[in-house]
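# Structural overview for review
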Amino acid sequence: MRLKDFLNYLQHEKRYSDKTVISYKKDLQQFQDFIESNLLVNTEVTSKHVRSWMVDLLNNKKLAPSSIRRKLSSLNTYFNWLLKHEAIKVNPAKGVASLKLPQRAPQYLSNLSTDKMIKDLQLEITNWYDRRNYLLIELLYNTGIRRQELIELKWNDIDSGRKFITVLGKGKKERHIPISQKLIESIEIYKKEIQEQFLSLPEQIFITDKGTKLYPKFVYNVVKRYLTRYSTLQKRSPHVLRHTFATHLLNNGADLNDIKELLGHSSLASTQVYTHNSIEDLKNIYKQAHPKS
């Protein structure tokens, strides 16, 4: 079985995004390069070879443990696929321990900083692309959607009557996320402005200044520009707004399972990381309020 067949399986059967398929391809090609560079082409790959590759990635390539974990996961998925198709008898990646990751709480904006940023952005709107930037920030914060999910949003994904958007997440799974009437009204104004500007309506909601589909770096630059003004956080990516969305919901009493569904997480474990932020907020409140803290 060839790598090409596996990548076709990921794209057409598992329905993974192009970005995810490309990541798998790069990971597996890197492992193949390692095998060839060590003259192991005609040798049956074993767990020892997989471990040696991980050591090489850590010590020689200086990759972060999180990147190495992802590459091991790619390898494990590929070998399981080969095993299923009886191309190999044993998965050499099975049982190889992943590197431990340091536990770090997600970075997020305070309520005060978020409110000020959104209010200021709204006041600064003087043209259609100002409104686009405002809506871009608003949607990321108010829905918690991922950057690529925002890029792929189309006009027919908005249900103004029932006040929600339909998002196509990882694994092509659909989910519905509520949006406010105020946000719907802003989107409608933006829609009219675009039609006036370009004399037609593009398929995607968010477009560049030239009217073309957004790309990941464009979204990152817009978010970073505004987060730099209103935050001292080390990270200033679109994902910070996703973290902010989840943390603010949890701090205001939302159920963890509901947040999981809104974020599109496949397991509750991914969502539980936000409980750390909630605990830290409680600690700060205790220090400020308790007379003997």
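The structure this text deals with has already been given above.
This section reports on the structure supplied with the text.

A large share of strand 2 (residues 164-168) lies buried, amounting to 4 of its 5 residues. Judged from the 2 bridges that link them, strand 1 (residues 158-159) and strand 2 form a sheet pairing that is antiparallel. Across the sheet, the residue bridging to Ile 158 is Ile 165, located in strand 2. Where strand 1 folds back onto strand 2 in an antiparallel hairpin, the turn is made up of 4 residues, including Lys 163, whose phi is positive at roughly 60°. In the sheet, strand 2 pairs with strand 3 (residues 174-178) via 5 bridges, with the strands oriented antiparallel. Across the sheet, residue Val 167 finds its bridge partner in strand 3, namely Arg 175.

Our next topic: helix 5 (residues 111-123). Over its 13 residues, helix 5 runs 18 Å from end to end, which matches the ideal 18 Å to within 8%, given 1.5 Å per residue. When we look at burial in helix 5, the residues that qualify are Thr 114, Met 117, Ile 118, Asp 120 and Leu 121. Angular distribution of buried residues about the axis of helix 5 spans 165°; they occupy a single face of the element. More than 90 degrees from the buried face of helix 5, the exposed residues found are Leu 112, Lys 119 and Leu 123.

Conventions adopted
- Residues numbered from 1 in each chain as written.
- Predicted model: local features only at pLDDT ≥ 70, side-chain atom pairs only at ≥ 80, totals over all residues.
- Heavy atoms only, no water.
- Buried < 20%, exposed > 50% of the residue type's maximum accessible area, 1.4 Å probe, protein only.
- Helix = DSSP H or I, 4+ residues; strand = E, 2+ residues; numbered from the N terminus.
- Pairing = 2+ DSSP bridges.
- Expected span 1.5 Å × (residues − 1).
- Arc of directions from axis to C-beta.

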